[in-house]
Amino acid sequence: MRANRMPTEEIKRDPAAFDDRVTADGRYGRRAEPGRYRLVVNRACPWAHRVAIVRRLTGLEQALPLAVTDPRQEIIDGDPHWVFTEATGSPGDRDPVLGIHALREAYLARDPGYDGGVSVPALVDVPSGHLVSNDYDRLGLDMATEWGGLVRAGAPDLYPQALREEIEEVGRGVYRDLNNGVYRSGFAPDQARYDRAVRAVFTRLDALEERLTGRRYLVGDRVTIADIRLFTTLVRFDAVYHGHFKCNRRKLIEYPALWAYARDLFQTPGFGDTTHFDHIRVHYYHVHTAINPSGIVAVGPDPRNWLTPHHREELGGTPFGDGTAPGPVPAGERVPDLG
Ligand SMILES: N[C@@H](CCC(=O)N[C@@H](CS)C(=O)NCC(=O)O)C(=O)O
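Residues numbered from 1 in each chain as written. Predicted model: local features only at pLDDT ≥ 70, side-chain atom pairs only at ≥ 80, totals over all residues. Heavy atoms only, no water.

Moving on, we get to the packing of helix α6 (residues 191-211) against helix α8 (residues 256-266). Look at α6 against α8: their axes get within 8 Å of each other, and the N-to-C directions meet at 75°. The pairing of α6 with α8 is recorded here as roughly perpendicular in orientation. Here Leu205, Leu208 and Glu209 of α6 come into contact with α8, specifically with Pro256, Ala257 and Leu258. Looking at the contact of α6 with α8 residue by residue, the class counts come to five nonpolar, no polar and one charged. (Axes fitted to C-alpha atoms, helices over the stretch in contact; angles between N-to-C directions. Helix = DSSP H or I, 4+ residues; strand = E, 2+ residues; numbered from the N terminus. Parallel < 35°, antiparallel > 145°, perpendicular 65-115°, else oblique. Contact = heavy atoms within 4.5 Å. Nonpolar A, V, L, I, M, F, W, Y, C, P; charged D, E, K, R; others polar.)

Encoded structure:
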C-alpha cells in the first residue's frame, strides 16, 4: 500500500514477503536463540503492536530486543519508508545493532533484487542482517507457542489448544471488518466502497458490543490472542480511525461494553504500556498524505480517560489465568505516561 498516493482501488494486502519460521527446535530451519534476532516495529502500527504485546506478555524482552522506527517515516524514491532516527532512540540515525538507517536495507540484504513493500513488524537475523519474516500474525503466534524455554516462567497461554478454533473464527470477522476494515474505509477509492466498508466496521462493533456485554474476554475467561488482535484496533479507534479514516458513525467511548473492555485491557500490563498515542496520531495524519494532504496532525482526543475504572472484574475471569503478569517494562522501552 502506498499511503501517500490517491487510492484507485480497494486496499489489497499482499502475503508476507518473507515468512521464515523461528522455533525452539529449529524444525523450519531457524532456531530461537537469545539475542539472535531483532524485532523491528513502529509504535503506530496495529500489526506491529500485536507482536509487541505478545513479546511483553511472554517475557521475551531480553531474548528478543526491540528496535523502534520513526512514526513520521522518510520519503525515499517517492515512497514513505520505515527508518531509524535519533528521535526514536537510534544514535546517528542508524539502528545501533543492525547498523542500518532504513528497514528496507534488511529486506535487500535478504534479497538484493527485492522491490516489494517494506512493512513492520519485521524480524531480522542479527549476524547476517537478513530479514527473516514480516508475517505479523505468524510471528506473534510462534512467539507465543514455539519459543520454548526463552518464554518466561508464568507466561500466560495466549493460544490454548482447546480454544484455537474459536479464536480463529472470531479473528476472521475481526480481521475482515475491523483490523483491515478500518483501512478499507479510510483508503476507499469511491463512495460505494467507503459505504460498504464503514457499514461492516459498525456492524462488527455492534456484534462485539453484544458479545462482550456478558463476558470479560472474547474467548474463554482470560486474555488470548483474540483479545490482542481486537485491542490494537480499538485503542486506535477514537484517535485516528474515527476522524482520519472516516469511521465516524460512533466513537468507541459510545459503546459501553466495548469501551470498558478496551480500558480493562489497556490497564492490564502489556497493553497500555505498549501503546504510544503520540506516535499513533503523528504517523497516521502525517504520513497518509493521500487522505490528509496538509499532513496536519489532529490534537485529540485526550487519552487520559483510558485510565478510568472499568468494573469488568465483576464479570469474573482473570487476565492471565494460571499465569502471572509480566514484570516492569524494560528501561528504554517505556511509552510516555498519560498522567
Ligand atoms: N504487511 C502486512 C501488515 C503489516 C502492515 O501493513 N504494516 C504497515 C504499517 S501499519 C506497513 O508497514 N506498511 C507499509 C507498507 O506496507 O508498505 C499486511 O499488509 O498484511
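Next comes the rest of the write-up.
Turning to α8, a few remarks are in order. Within α8, 10 of the 11 residues are buried, which leaves it mostly tucked inside the rest of the structure. Where α8 is buried, its residues meet α6, α7 (225-241) and α9 (277-287). (Buried < 20%, exposed > 50% of the residue type's maximum accessible area, 1.4 Å probe, protein only.)

Following the criterion strictly, the structure yields zero disulfides and no others. For the unlinked cysteine Cys247, the closest cysteine sulfur is that of Cys45, found at 16 Å. By relative accessible area, Cys247 is classed as buried at 0%. (Disulfide = S-S within 2.5 Å.)

A few words on the site of the ligand. In the vicinity of the ligand there are 11 residues, among which Arg13, Cys45, Trp82, Ser119 and Val120 approach most closely. Within the side chain of Trp82, an N or O atom sits 2.9 Å from an oxygen atom of the ligand. Note that a nitrogen atom of the ligand is positioned 3.0 Å from one of the backbone N or O atoms of Val120. Its free accessible area being 490 Å², the ligand has 83% of it covered by the protein chains. Residue composition of the shell around the ligand, by class: nine nonpolar, one polar and one charged. (Near = heavy atom within 4 Å. Polar contact = N/O pair within 3.5 Å; in protein donor to acceptor, adjacent residues only side chain to side chain. Areas by Shrake-Rupley, 256 points an atom, 1.4 Å probe, with all protein chains shown as cover.)

Along its sequence, the protein is organised into domain 1 (22-150) and domain 2 (165-315). Summed over both sides, the interface of domain 1 with domain 2 buries roughly 2,200 Å², with 64% coming from carbon and sulfur. The largest per-residue losses of area from domain 1 upon contact with domain 2 belong to Arg43, His49 and Arg72, which jointly make up 26% of the total buried on that side. One can count two salt bridges joining domain 1 with domain 2. With a closest N to O distance of 2.9 Å, Arg56 and Asp273 form a salt bridge. Linking domain 1 with domain 2 are 11 residue pairs in polar contact (both at pLDDT 80 or more), by the criterion used here. (Domains from an automatic or database assignment. Buried area = accessible area lost by both parts, 1.4 Å probe. Salt bridge = Lys/Arg side-chain N within 4 Å of Asp/Glu carboxyl O.)

Another aspect to go through is the packing of aromatic side chains. Under the criterion given, the structure shown has 22 aromatic pairs. On the numbers, 5.1 Å between centres and 35° between planes, the contact of Phe266 with Trp306 is tilted. Placement of Phe266 in helix α8 and of Trp306 in the segment after α9 is noted, with a sequence separation of 40 residues between them. Taking the relative accessible area as the measure of exposure, Phe266 reaches 7% and is therefore buried. (Phe/Tyr/Trp six-rings, centres within 6.5 Å; stacked < 30°, edge-to-face > 60°.)

Let us now look at helix α4 (residues 164-179). The terminal C-alpha atoms of α4 lie 19 Å apart, and with 16 residues this falls more than 12% below the ideal 22 Å at 1.5 Å per residue. Taken residue by residue, α4 has Ile167, Val170, Gly171, Gly173, Val174, Asp177, Leu178 and Asn179 as its buried positions. Buried positions along α4 lie against α1 (46-57), α5 (181-186), α6 and α7. (Expected span 1.5 Å × (residues − 1).)

A word on the pattern of salt bridges. Using the criterion set out here, one finds 27 salt bridges in the structure. For Arg27, the salt bridge is made with Glu146, and the minimal N-O distance between the two is 2.7 Å. A residue pair is termed long-range when its members are at least 10 positions apart, and Arg27 in the loop between β1 (22-23) and β2 (30-31) and Glu146 in the loop between α3 (136-145) and α4 qualify at 119 residues. Given the relative accessible area of 42%, Arg27 is considered partly exposed. With relative accessibility at 18%, the residue Glu146 sits in the buried group. When the shortest N-O distance is used, the salt bridge between Arg250 and Asp206 registers 3.7 Å. You can see Arg250 sitting in the loop between α7 and α8 and its partner Asp206 sitting in helix α6, a full 44 residues away along the chain. Note on Asp206: relative accessible area 30%, which makes it partly exposed.

Attention now moves to the environment of Ala48. By the secondary structure assignment, Ala48 is in helix α1. Between the C-alpha atoms of Ala48 and His286, which are 238 residues apart in sequence, the distance is 19 Å. Residues contacting Ala48, with those up to four places away along its chain left out, are Val41, Asn42, Val120 and Pro121.

To continue, consider the sheet that holds strand β3 (residues 37-41). Spatially, β4-β3-β7-β8 is the arrangement adopted by the four strands of the open sheet, whose pairing is mixed. Sheet topology places β4 (66-68) and β8 (131-133) at the edges, where each strand pairs with a single neighbour. Each strand axis lies, on average, 35° off the axis of its neighbour in the sheet, ignoring direction. As defined by bridge partners, β3 adjoins strand β7 (residues 122-125) across four bridges and the pair is classed as antiparallel. Along β7, the bridge assignment pairs Val40 with Ala122. (Pairing = 2+ DSSP bridges.)

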